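So you can see what is in the structure, the chains are spelled out below.
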Amino acid sequence: MNVAYVAPLRLAWARMTRMLFLPFQIENWLVLGFAAFLSQYLAGSQGGQYSWKGRSDNIPHSVIHSVRSFVLNPFWSALLIWIAIFGLVIAVVLIWINARGRFIFLHNVAHERPGIVEPWQRYARLGNSLFLWSLLYAFVTLAIVVALALPFIGALITAFQSEEFRWPAVGLMLAWAPVAAAVGIVVAYFYMMLNHFVVPIMFRHDLTTAAAWGRFIPLFRAHPGNFLLYGLFMLGLTIVVGFACATLGFATCCIGFVLLALPYIGSVITLPVEVTMRALGPEFLAQFGAEWSVLAAPPAKPAPVEGAGA
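Residues numbered from 1 in each chain as written. Predicted model: local features only at pLDDT ≥ 70, side-chain atom pairs only at ≥ 80, totals over all residues. Heavy atoms only, no water.

Draft legend 1. Broad picture of the pattern of salt bridges. Tallied over the full model, the rule gives 6 salt bridges. In this structure, R15 and E283 form a salt bridge, with 3.8 Å as the shortest nitrogen-oxygen distance. With a gap of 268 residues between them, R15 in helix α1 (residues 6-21) and E283 in helix α13 (residues 271-285) connect regions that are remote in the sequence. For the pair shown, R15 and E283 are each scored as buried. A salt bridge links R215 to E291, with the shortest nitrogen-to-oxygen separation between them at 3.5 Å. Linking R215 in helix α9 (residues 209-222) with E291 in the segment after α13, this pair joins segments that are 76 residues apart in sequence. By relative accessible area, R215 is classed as partly exposed at 32%. (Salt bridge = Lys/Arg side-chain N within 4 Å of Asp/Glu carboxyl O. Helix = DSSP H or I, 4+ residues; strand = E, 2+ residues; numbered from the N terminus. Buried < 20%, exposed > 50% of the residue type's maximum accessible area, 1.4 Å probe, protein only.)

Next up, the structure:
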């Protein structure tokens, strides 16, 4: 079986063009942008780095003592715990919204028409199933990460309790980086398969998340190479899109970066990319047979009226 990668991208791009530019209607962009915002609310990532410059390989004990005193203070400890609980509640609520939003956005792209209220109500059961599965997946992933990190956490605690915090201890903890990278790749790949294939299968057959995985896994086992290559294809597209966004940001004297970082505004600006990427997985999946077809067929062009040009 010949499986294409560029052809589904072309079909997804054509669907995006019809939805957003034929004709261009700002109200459709605003509604679709909000649907994309809901579906990708937790998909962003942030990163940062800093450097510690000094003439010694040790962090003074006074610094460690100050940090320990702050953490062990009953008031600040209680405040940190309450902040953590509040953050956890907010995160759970956002995951619930995100789960429902994925079906709203997929519904809009599949039928090439914007809408929020009706699909929000229609896909309540599927959204709740995806929400519960996502929570379980997050907890299992966290448990695996913690279990793998325990030796390095022990080294950190030992160094933290010593008189001086030496940079060799930091090097020991950095040895965990390859393990974290491997876990991150696996987690990202499962997330990609969930969003690009399992969610469309849920949408198409009205299945719970577990049932949709049960339907997808035999297909994956039959064509593992094709789906692995799809992940690499998506990685390449992500790099291209990231480069384009960086170019836009620098070309606008960093104004573009600010706009892209704004909630909802960034979703509206990147809507062509969001719609194309949302349609790409289902277009790829449709190559494996009619039962995997998720997106509605494009509207037929009206037949020319005989004699109209006379």
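After presenting the structure, the write-up continues.
Draft legend 2. Representation of unusual backbone geometry. Going from L22 to P23, the amide bond is cis rather than trans, its omega being 0°. Positive phi outside glycine occurs at D206, with the angle close to 55°. Although it is not a glycine, Y264 adopts a positive phi angle of roughly 70°. The topology assignment puts Y264 in the loop between α11 (255-261) and α12 (265-269). Overall, Y264 belongs to the partly exposed group, its relative accessible area being 24%.

Draft legend 3. Molecular detail of the side chain of R278. Positionally, R278 belongs in helix α13. Look at R278: it is buried, it has no salt bridge, and the nearest opposite charge is E274 at 8.5 Å. Within polar-contact distance, the side chain of R278 engages the backbone oxygen of N195 at 2.7 Å. Look past the residues within four positions of R278 in its chain and what remains in contact with it is F105, L106, V109, N195, H196, V199 and P200. (Lys, Arg positive; Asp, Glu negative; His and termini not counted. Polar contact = N/O pair within 3.5 Å; in protein donor to acceptor, adjacent residues only side chain to side chain. Contact = heavy atoms within 4.5 Å.)

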